[in-house]
Amino acid sequence: MKKQTIGIIILCVLSISFSIYNFSNGQFISKKEEPKQKVDVKKSQEETIKDVEIKQDLTEKIKNLEGSDYCFSEQDYENGCLYLQDETKNEDLSFLYKIYSLIGNEQENFIKQEAKIKWKDRIYSVEASISKQKIEEDYQKLYGKPEKIDFELINDDNYKILYNPSDESFYLKKSKKEKPKQIRSYFYKYTSKENEYYIYTSVAFINLIGKSEYTNYEVYQEKEHINLKAEGIYNEIEHFIINQDNYKEYNKYKYTFQKTENGDYQFINIEKL
């Protein structure tokens with residue numbers, strides 16, 4: 001009888017063990033065979049921008065951003081201050097930098113107008129003007145901030161722009177001196193992802209050297225003016241360009257813009273790659 005009882009107990013133990021094993025194994029197989037979620041690779045990748053109008057619009061935006069010869073750094077550049085840091089965000093740029101760069105790049109829309117403008121008991125010789133309305137519109141499109149533009153702050157004796165409140169226009173002063181440092185840039189790739197747009201830029205840093213007048217130029221790979229890449233006499237500086245053939249020799253940067261509901265492309269940041 002005892003032997004029969006022991007046999008029944010062993011059978012029960014084996015049956016329970018087998019059931020547990022099957023359940024566990026089934027769970028393992030179930031987990032192993034559970035299909036993985038598919039990752040939409042296309043959504044996570046940047047796509048090349050082929051639309052010519054979009055590329056032209058973005059190019060114009062960058063020209064407005066990099067074009068000011070008002071520098072927020074001690075390294076006084078004619079048009080390259082934006083590239084002196086490893087990253088610059090929209091909020092990092094001062095009001096004066098933003099407004100001066102926009103005005104400076106609107107010179108083709110200036111009305112030639114030689115005149116004398118009085119500001120705080122001083123007389124300034126000016127050569128062209130542009131309306132405040134035009135600059136305000138471009139400012140809001142590029143930076144997307146509904147801030148009040150302080151036009152009184154613009155009239156700095158150290159810069160070439162003068163604001164005249166009587167006719168609500170900006171004027172270009174005469175006798176602008178050339179600055180000893182500038183850049184050349186080349187936009188080698190345009191991409192987008194969702195509502196963000198990216199422009200990849202190659203930049204050469206130029207130093208003009210001389211005594212009473214700039215007599216020649218040197219072109220460097222880095223902002224620190226190391227690794228000399230090209231040089232020549234100053235009168236031939238316009239012959240130096242960055243293009244498809246040599247852009248890989250220079251430092252690379254990436255601009256990021258965000259498309260708004262109004263269809264504008266607002267500047268987010270620029271970073272060194």
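Residues numbered from 1 in each chain as written. Predicted model: local features only at pLDDT ≥ 70, side-chain atom pairs only at ≥ 80, totals over all residues. Heavy atoms only, no water.

Caption draft 1: Up close: the side chain of Ser169. As for its placement among the helices and strands, Ser169 is situated in strand β6 (residues 169–173). Other than its neighbours up to four places away in sequence, Ser169 contacts Ile130, Ser131, Lys132, Leu162, Tyr163 and Asn164. (Helix = DSSP H or I, 4+ residues; strand = E, 2+ residues; numbered from the N terminus. Contact = heavy atoms within 4.5 Å.)

Caption draft 2: Local environment of the pairing of strand β12 (residues 265–272). Where strand β2 (residues 87–89) lies against β12, three bridges are found, and the strand directions are antiparallel. By the bridge assignment for β12, Glu87 is matched with Glu271. With seven bridges connecting them, strand β11 (residues 251–259) and β12 associate as antiparallel partners. Its bridge partner being in β12, Gln258 is matched across the sheet by Gln266. Where β11 folds back onto β12 in an antiparallel hairpin, the turn is made up of five residues, including Gly263, whose phi is positive at roughly 85°. (Pairing = 2+ DSSP bridges.)

Caption draft 3: Quick peek at the confidence of the model for the protein. In this model, the protein carries a mean pLDDT of 80, and residues with pLDDT of at least 70 account for 78%. For the protein, the element scoring lowest by mean pLDDT is helix α1 (residues 2–33), at 51; β11 scores highest, at 96. Here residues 27–32 is modelled with pLDDT under 50, and outside its nearest four sequence neighbours on either side it reaches zero contacts, counting other chains as well. (pLDDT = per-residue confidence, 0-100.)

Caption draft 4: Highlighting the pattern of salt bridges. Under the counting rule described, the total for this entry stands at seven salt bridges. Here Asp57 makes a salt bridge to Lys61, at a shortest N to O gap of 2.9 Å. You can see Asp57 and its partner Lys61 sitting in helix α3 (residues 52–66), four residues apart, about one turn around the helix. The class of Asp57 is partly exposed, set by a relative accessible area of 28%. By relative accessible area, Lys61 is classed as buried at 12%. The closest approach of N and O atoms between Glu168 and Lys132, which form a salt bridge, is 3.3 Å. Of this pair, Glu168 sits in the loop between β5 (161–164) and β6 while Lys132 sits in helix α5 (residues 132–143), and the two are 36 residues apart along the sequence. You can call Glu168 partly exposed: its relative accessible area is 42%. (Salt bridge = Lys/Arg side-chain N within 4 Å of Asp/Glu carboxyl O. Buried < 20%, exposed > 50% of the residue type's maximum accessible area, 1.4 Å probe, protein only.)

Caption draft 5: Spotlight on the environment of Asp92. Of note, Asp92 is situated in the loop between β2 and α4 (95–104). The exposure class assigned to Asp92 is partly exposed, which follows from its relative accessible area of 47%. Sequence-wise, Asp92 and Asn269 are 177 residues apart; in three dimensions their C-alpha atoms are separated by 9.0 Å. In terms of polar contacts, Asp92 uses its side chain to reach the backbone amide nitrogen of Lys89, at 2.9 Å. (Polar contact = N/O pair within 3.5 Å; in protein donor to acceptor, adjacent residues only side chain to side chain.)

Caption draft 6: Layout of the packing of aromatic side chains. Applying the stated criterion across every chain, the model contains 13 aromatic pairs. Between Phe240 and Tyr250, the ring centres sit 6.3 Å apart and the planes meet at 75°, which makes this aromatic pair edge-to-face. Placement of the pair is Phe240 in the loop between β10 (228–233) and β11 and Tyr250 in the loop between β10 and β11, with a sequence separation of 10 residues. Accessibility classification places Phe240 together with Tyr250 in one group, the buried group. In textbook terms, an aromatic cluster arises when at least three aromatic residues are bridged by ring pairs, as seen for Tyr83, Tyr253, Tyr255, Phe257 and Phe267. Geometry around Tyr200 places Lys189 over its ring, the cationic atom sitting 4.3 Å from the centre. (Phe/Tyr/Trp six-rings, centres within 6.5 Å; stacked < 30°, edge-to-face > 60°. Lys NZ or Arg CZ within 6 Å of the ring centre and 35° of its normal.)

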